[in-house]
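Okay, here's what each chain looks like letter by letter:
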Amino acid sequence: MAPFATSSFMFVITVLVAASLIEVAAAAGGFYQNFDITWGAGRAKILSGGQLLTLTLDRASGSGFKSKNEYLFGKIDMQIKLVPGNSAGTVTAYYLSSLGPTHDEIDFEFLGNTTGQPYTLHTNIFTQGKGNREQQFRLWFDPTKDFHTYSVLWNPQRIILSVDGTPIREFKNLESIGIPFPKNQAMRLYSSLWDAEDWATQGGRIKTDWSKAPFLASYRNFNADACVWINGRSSCRGSGTSSAWMGQQLDITNQQRLQWVQRNYMIYNYCTDRQRFPQGFPKECTARS
Ligand SMILES: *[C@@H]1O[C@H](CO)[C@@H](O)[C@H](O)[C@H]1NC(C)=O
C-alpha cells in the first residue's frame, strides 16, 4: 500500500504545482498573450507584465488594440476605467466585429463629457452588415473612478450585454421571423480611444479640450470563455459547467434587472423612435418571444 499511496500523493502534488504554474502563466501573459496593439505609435501600452493595458489620445493620434483570436460565440469580460475629468469629444470604443460588407458587430461605445457630466454608453448590433439598432444608457456609477466589468455573452440563442454583471440589453435570435443573427462569422475583439469632437458630446457642441491631453483609458482582467476560430474550425474552451454560457439565458431575477436598467438608465432606444421609423418599427422591436 505504502508505495502506491506515496506515488499517488506525489502525483497529486505534481498536478497541483503544474496547475498553479499554468494559471500564473496565463495571468501574467494576459494582454501580451491575447492582444496586438494595432494603432497609435506607442500611445497604447501593455504594462505590469501584461496585467494592464492603457490607451491614450492626444491631438496627433488616438490608439487601439485587437484580439489575436477570432471568436465564434463566447462570454467575454473586460474591466475598463474610462478617461477621467474633461473627456468631452473622446470616444472609447469596445466591440466585437467580423470583416467585410456583410459583417456582424456588437458595440459598446463610451462617449465622454465635460467634468462632472455623465458619460453616454452607446450600443449597437449589426447583423449581415446592417446596424441601426442603437440603444443608449447612463451608468449608475462614475465609470472613471474605478474599473468596471463590461461583458458580452454571445451564444446561438442570444446576445446579452452586461455591466458589472447586470444585463443592460438583450438581442435574441429571431431568425424564425427572418431577422439575421450573428452565428456564422467569427469576430475579433477591438478597442480604441479616439477623437470625435464633431458629434460625440452634446451633439458636437462641446469640443475636445486638448490642453487636458493625453487622455487615458485603462484595461485589465480580460477573460474569454469562448470558442476560438482557427483555420475554419471552432475550438471551445471549458466543458460541462464552465461552458454553461453556451445555453445561458436571463432568469427571472436578471430579466427584472434588465427591466430596471431599461426603465431607469436607457436614454435612447431605436425601438421607440417613431420619427425614425414612420412606416413601423423593425420586426425585432415588436416580436414576442
Ligand atoms: C453630457 O452631459 C449632458 C448634460 O448633462 C447630457 O445631456 C449628455 O447626454 C451627456 N453626454 C454626452 C455624450 O453628451
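Residues numbered from 1 in each chain as written. Predicted model: local features only at pLDDT ≥ 70, side-chain atom pairs only at ≥ 80, totals over all residues. Heavy atoms only, no water.

1. A short note on the overall build of the protein
Here is step 1 of the chain: Along the backbone of the protein there are three helices and 15 strands.
Here is step 2 of the chain: A buried classification covers 46% of the 289 residues belonging to the protein.
Here is step 3 of the chain: Surface accessibility of the protein: about 14700 Å² in total, with carbon and sulfur atoms responsible for 54%. (Helix = DSSP H or I, 4+ residues; strand = E, 2+ residues; numbered from the N terminus. Buried < 20%, exposed > 50% of the residue type's maximum accessible area, 1.4 Å probe, protein only. Areas by Shrake-Rupley, 256 points an atom, 1.4 Å probe, with all protein chains shown as cover.)

2. A few points about the state of the cysteines
Here is step 1 of the chain: For the coordinates displayed, the defined rule picks out two disulfides.
Here is step 2 of the chain: The disulfide partner of C227 is C236, and the S-S distance across this bridge is 2.2 Å. A torsion of 100 degrees about the S-S bond marks the disulfide between C227 and C236 as right-handed.
Here is step 3 of the chain: Overall, C227 belongs to the buried group, its relative accessible area being 1%.
Here is step 4 of the chain: Using a relative accessible area of 45% as the deciding quantity, one classes C236 as partly exposed.
Here is step 5 of the chain: Looking at the protein, its bonded cysteines, counted consecutively from the start of the sequence, adopt the pairing 1-2, 3-4. (Disulfide = S-S within 2.5 Å.)

3. Here we look at the packing of aromatic side chains
Here is step 1 of the chain: The full count for this structure, using the stated rule, is 19 aromatic pairs.
Here is step 2 of the chain: Taking 6.5 Å as the distance between ring centres and 70 degrees as the angle between the ring planes, the aromatic pair formed by Y270 and F277 counts as edge-to-face.
Here is step 3 of the chain: Here a set of aromatic residues connected by ring pairs shows up, and it is made of F31, F35, F65, Y219 and F222. (Phe/Tyr/Trp six-rings, centres within 6.5 Å; stacked < 30°, edge-to-face > 60°.)

4. Focus: the site of the ligand
Here is step 1 of the chain: Near the ligand the following residues occur: L111, G112, N113, Q117, P118, T120, R138, A200, T201 and Q202.
Here is step 2 of the chain: A distance of 3.2 Å is found between a nitrogen atom of the ligand and a side-chain nitrogen or oxygen belonging to T120.
Here is step 3 of the chain: R138 places a side-chain nitrogen or oxygen 2.7 Å from an oxygen atom of the ligand.
Here is step 4 of the chain: A total of 360 Å² of accessible area belongs to the ligand in isolation, and the protein chains cover 71% of it.
Here is step 5 of the chain: Among the residues making up the shell around the ligand, the classes are represented as three nonpolar, six polar and one charged. (Near = heavy atom within 4 Å. Polar contact = N/O pair within 3.5 Å; in protein donor to acceptor, adjacent residues only side chain to side chain. Nonpolar A, V, L, I, M, F, W, Y, C, P; charged D, E, K, R; others polar.)

5. Quick notes on the side chain of S97
Here is step 1 of the chain: The topology assignment puts S97 in strand β5 (residues 90–97).
Here is step 2 of the chain: Sequence-distant contacts of S97, defined by excluding residues within four places in its chain, comprise H103, D104, E105, A186, M187, R188 and Y190. (Contact = heavy atoms within 4.5 Å.)

6. Remarks on the confidence of the model for the protein
Here is step 1 of the chain: Considering every residue of the protein, the mean pLDDT works out to 90; 88% of them sit at 70 or more.
Here is step 2 of the chain: Residue range residues 1–6 is modelled with pLDDT below 50. Its contacts to residues more than four positions away, or to other chains, number zero contacts. (pLDDT = per-residue confidence, 0-100.)

7. Here we look at the pattern of salt bridges
Here is step 1 of the chain: A full pass over the atoms with the stated rule returns nine salt bridges.
Here is step 2 of the chain: Close ionic contact of R133 with E284 constitutes a salt bridge, the shortest N to O distance being 2.7 Å. You can see R133 sitting in the loop between β7 (120–126) and β8 (135–137) and its partner E284 sitting in helix α3 (residues 283–286), a full 151 residues away along the chain.
Here is step 3 of the chain: Given the relative accessible area of 3%, R133 is considered buried.
Here is step 4 of the chain: A salt bridge links R158 to E170; its shortest N-O distance comes to 2.9 Å. With R158 in strand β10 (residues 158–163) and E170 in strand β11 (residues 166–172), this residue pair connects regions lying twelve residues apart in the sequence.
Here is step 5 of the chain: We classify R158 as buried; its relative accessible area is 12%. (Salt bridge = Lys/Arg side-chain N within 4 Å of Asp/Glu carboxyl O.)

8. Let's talk about the environment of G74
Here is step 1 of the chain: As for its placement among the helices and strands, G74 is situated in strand β4 (residues 63–81).
Here is step 2 of the chain: Look at G74 and you get buried, because its relative accessible area is 2%.
Here is step 3 of the chain: When the C-alpha atoms of G74 and A224 are compared, they prove to be 6.7 Å apart, with 150 residues separating the residues in sequence.
Here is step 4 of the chain: Discounting chain neighbours no more than four positions away, the residues touching G74 are V152, L153, W154, D225, A226 and W245.

9. Re the nonpolar core
Here is step 1 of the chain: One finds M78, F108, W154, I159, Y219 and F222 to be the most contacted residues of the largest nonpolar core, which totals 57 residues.
Here is step 2 of the chain: Broken down by element, this core gets its largest block of residues, eight residues, from strand β13 (residues 215–230).
Here is step 3 of the chain: The residues contacting W154, other than those within four sequence positions of it, are Y71, L72, F73, G74, I106, I159, F181, P182, Q185, M187 and W245. (Core = buried A, V, L, I, M, F, W, Y, C linked by side-chain atoms within 4.5 Å.)

10. Some words on unusual backbone geometry
Trans peptide bonds make up most of the peptide bonds, and negative phi angles are found at most residues other than glycine.
Here is step 1 of the chain: The omega angle of the peptide bond from A213 to P214 is 0 degrees, so this bond is cis rather than trans.
Here is step 2 of the chain: Positionally, P214 belongs in the loop between β12 (187–195) and β13.
Here is step 3 of the chain: The phi torsion at N132 lies on the positive side, around 60 degrees, for a residue other than glycine.
Here is step 4 of the chain: Considering the arrangement of structural elements, one finds N132 in the loop between β7 and β8.
Here is step 5 of the chain: The residue N221 is not glycine, and still its phi comes out positive at about 50 degrees.

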